[in-house]
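# Descriptive analysis of the structure
The lines below spell out each chain.
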Amino acid sequence: MLIDTHCHPYMCKHTDIPTYIGNFKSAGGTQMISIGIDIETSKQSIELATTHPEIYTSIGIHPSDIWGLDLETTMKELERLYLANTEKVVAIWETGLDYYWIDQDEEYKKAPPEYQEKILVLRKELQRLFFIAQIRLAQTYNLPVVIHNRDAGTDTLEILKETNCQKFILHCFSEDLEFAKACIDFAPECMVSFSGIVTFQNAKDIQETAQHIPLKNIIIETDAPYLTPVPYRGKRENESALVAHVFEKICELRSESRDEIEKQIYENSRKIFRL
Ligand SMILES: [Zn+2]
């Protein structure tokens, strides 16, 4: 009984959807949550969820996809999409802060140095506004917020505290034990979601986190088609069926029995997403 709490099946190139779902079920999968990263993919995800009983979806705007969007119009559209599909939309996703990609584009690199700092300040502010607006939308409908955080842990936690956002998932966890503990201290019901990264040999901080945080705060995901877990890393496109390898790694790291871990992770996923 495994739930892949974060995947993008509409992006996978190597399998069609029926095979994708079939592989997942053969690997012990029961439900998956397909994640939209902008309006277009949120609609694609809703379409998948309404035509397949195993698929649920979340809608939202990724922090790297907000450029050029009008905040108010975008929030209205997200709200409309949610209200038209309340049965299958289980979260606001994937929102948050991404300071890694924020200065990697040509426009930024070509800007004169004296403007670069200003561009960064403005971009960070815009990410913050979109993040807060999506938290507010989630709070209005009592939905969990799925958080994308890359190199922005301190600011992310600050915004969560500022908005008193208690119901959230740290998607594709990539910080350390101290950060996870700080989040759980602030929001005891939050979930830390481990992806294929936990199977990577050099992911010591993430493995240490998976080993020591309470089991009641753990869920798992693939983020397919990205982040293929070991032993397929670098060899093939990721898919939801490989969530079984993430699960195996968690079992290897923890002291509880396999059955207990499976049951608890399953319950955690159902509880936070109300599946
Ligand atoms: Zn993702």
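Residues numbered from 1 in each chain as written. Predicted model: local features only at pLDDT ≥ 70, side-chain atom pairs only at ≥ 80, totals over all residues. Heavy atoms only, no water.

### Structural notes on the overall build of the protein
Selection criterion: Put simply, DSSP marks the helices as runs of H or I at least four residues long and the strands as runs of E at least two long, and each gets a number from the N terminus on. The atom set for the radius of gyration is the C-alpha atoms, and the globule formula is 2.2 Å times the number of residues raised to the power 0.38. Three exposure classes are used, based on accessible area relative to the maximum for each residue type with a 1.4 Å probe and protein chains only: buried under 20%, partly exposed in between, and exposed over 50%.
Scanning the protein for helices and strands turns up 10 helices and eight strands. For the protein, whose C-alpha radius of gyration is 18 Å, the value lies close to the compact-globule estimate of 19 Å for 275 residues. Its C-alpha atoms give the protein principal-axis dimensions of about 55 × 40 × 40 Å. Classification of the 275 residues of the protein by burial places 55% in the buried group.

### Brief notes about the nonpolar core
Selection criterion: The set of buried Ala, Val, Leu, Ile, Met, Phe, Trp, Tyr and Cys residues whose side-chain atoms join them within 4.5 Å is what this entry labels a nonpolar core. A contact between two residues is defined here by any heavy atoms of the two lying within 4.5 Å.
Residues Ile59, Leu160, Phe168, Phe194, Ile213 and Ile220 are the most contacted members of the largest nonpolar core, which totals 75 residues. With near-sequence residues (within four places) excluded, leucine 160 lies in contact with Phe131, Ile135, Ile147, Cys165, Phe168 and Phe186. In this structure, Val146, Tyr266, Ile272 and Leu275 belong to the second largest nonpolar core, which totals 15 residues.

### Describing helix 7 (residues 177-186)
Those residues of helix 7 that sit buried are Leu177, Phe179, Ala180, Cys183, Ile184 and Phe186. Elements that come into contact with the buried residues of helix 7 comprise strand 5 (145-150), helix 6 (153-162), strand 6 (168-170), strand 7 (191-194) and helix 8 (204-212).

### A few points about the pairing of strand 5
Put simply, the rule is: If DSSP finds at least two bridges between two strands, the strands pair. When the strands point away from the viewer and the path from the first strand over the helix to the second turns clockwise, the crossover is right-handed.
Buried residues dominate strand 5, accounting for five of its six residues. Taken together, the five bridges between strand 4 (residues 89-98) and strand 5 define a ladder with parallel strand orientation. Each residue of the ladder has a partner; that of threonine 95, found in strand 5, is isoleucine 147. Where strand 5 and strand 6 come together, three bridges link them in parallel fashion. Bridge pairing in strand 6 links valine 145 to phenylalanine 168. For the crossover that starts at strand 5, traverses helix 6 and ends in the parallel strand 6, the hand is right-handed.

### A short note on the packing of helix 2 (residues 39-51) against helix 3 (residues 71-84)
Selection rule: Think of each axis as a best-fit line through the C-alpha atoms, taken over the contacting stretch in the case of a helix, with angles from 0 to 180 degrees between the N-to-C directions. To sort the angles, those under 35 degrees are grouped as roughly parallel, those over 145 as roughly antiparallel, those from 65 to 115 as roughly perpendicular, and the leftovers as oblique. Amino acids outside the nonpolar list (Ala, Val, Leu, Ile, Met, Phe, Trp, Tyr, Cys, Pro) and the charged list (Asp, Glu, Lys, Arg) are all regarded as polar, and Gly is one of them.
Interhelical geometry of helix 2 versus helix 3 gives an angle of 0° and a closest axis separation of 11 Å. In terms of axis orientation, helix 2 runs roughly parallel to helix 3. Where helix 2 approaches helix 3, its residues Ile39, Ser42, Lys43 and Ile46 are matched on the opposing element by Thr74, Glu77, Leu78, Arg80 and Leu81. Here the residues of the contact of helix 2 with helix 3 sort into four nonpolar, two polar and three charged.

### Structural notes on the pattern of salt bridges
Put simply, the test is: Salt bridges are identified by distance alone: a Lys or Arg side-chain nitrogen within 4 Å of an Asp or Glu carboxyl oxygen.
Under the defined criterion, the tally for this structure stands at 13 salt bridges. Among the ionic pairs, aspartate 105 bridges to arginine 123, the shortest N-O distance being 2.9 Å. Within this pair, whereas aspartate 105 is found in the loop between strand 4 and helix 4 (106-110), its partner arginine 123 is found in helix 5 (residues 113-140), the two being separated by 18 residues in sequence. Relative accessible area serves as the criterion here: at 24%, aspartate 105 is assigned to the partly exposed category. A salt bridge links arginine 258 to glutamate 248, with the nearest nitrogen and oxygen atoms 2.9 Å apart. Taken as a pair, arginine 258 in helix 10 (residues 258-273) and glutamate 248 in helix 9 (residues 243-253) lie far apart in primary sequence, 10 residues in all. Of the residues examined, arginine 258 reaches a relative accessible area of 43% and is grouped as partly exposed. Exposure remark for glutamate 248: the relative accessible area of 36% places this residue in the partly exposed category.

These figures capture arrangement, not role.
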